[in-house]
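These are the residues of each chain, in order.
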Amino acid sequence: MEAFANSSEFRASTTRILDAIRARSADSFVSDNRKLEGIADQDQLWLRDTWVPMAVAAGVKRIAVVVPHHGLGKIASEEILGRIEMKAFSTRTFTTVSEATEWRQGRD
């Protein structure tokens, strides 16, 4: 996602992530949020209350999140992660895709 997405775009894109997870029987993925600008509160709550339970049901165990170094994208990513119950799966933030990929693959 790049810049501001409206609620339907945001929810459709995160639902496509779940579709890909299910299609590949994946248990982990890298979320590259470096171009993310912001996510509305209602979408953050939807992610927590709707998307996370669906991700858990799909078998997600690890999500590596690549965050921008600064700005709204960093704040939005941190807000989302702060709202999500982390008992369902492991999540860590990274500043590079390569570090995130290495952790996602279980090579901490």
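Structure first, text after, so check above.
Residues numbered from 1 in each chain as written. Predicted model: local features only at pLDDT ≥ 70, side-chain atom pairs only at ≥ 80, totals over all residues. Heavy atoms only, no water.

Describing helix α2 (residues 41-57)
Reasoning step 1: The end-to-end C-alpha distance of α2 is 24 Å, a good match for the 24 Å that 17 residues give at a rise of 1.5 Å each.
Reasoning step 2: The sharpest bend along α2 comes to roughly 40°, located at W51, with the proline P53 sitting one to four residues further on.
Reasoning step 3: Within the sequence span of α2, burial applies to D43, Q44, W46, L47, W51, V52 and A55.
Reasoning step 4: G59 lies just past α2 and shows a positive phi near 100°. (Helix = DSSP H or I, 4+ residues; strand = E, 2+ residues; numbered from the N terminus. Expected span 1.5 Å × (residues − 1). Bend = angle between axes of the 7 residues up to and from the residue. Buried < 20%, exposed > 50% of the residue type's maximum accessible area, 1.4 Å probe, protein only.)

Considering the environment of R92
Reasoning step 1: Mapped onto the elements of the fold, R92 is located in strand β5 (residues 90-94).
Reasoning step 2: Residue R92 is classed as partly exposed on the basis of its relative accessible area, which comes to 41%.
Reasoning step 3: C-alpha separation for the pair R92 and R104, spaced 12 residues apart in sequence, amounts to 9.1 Å.

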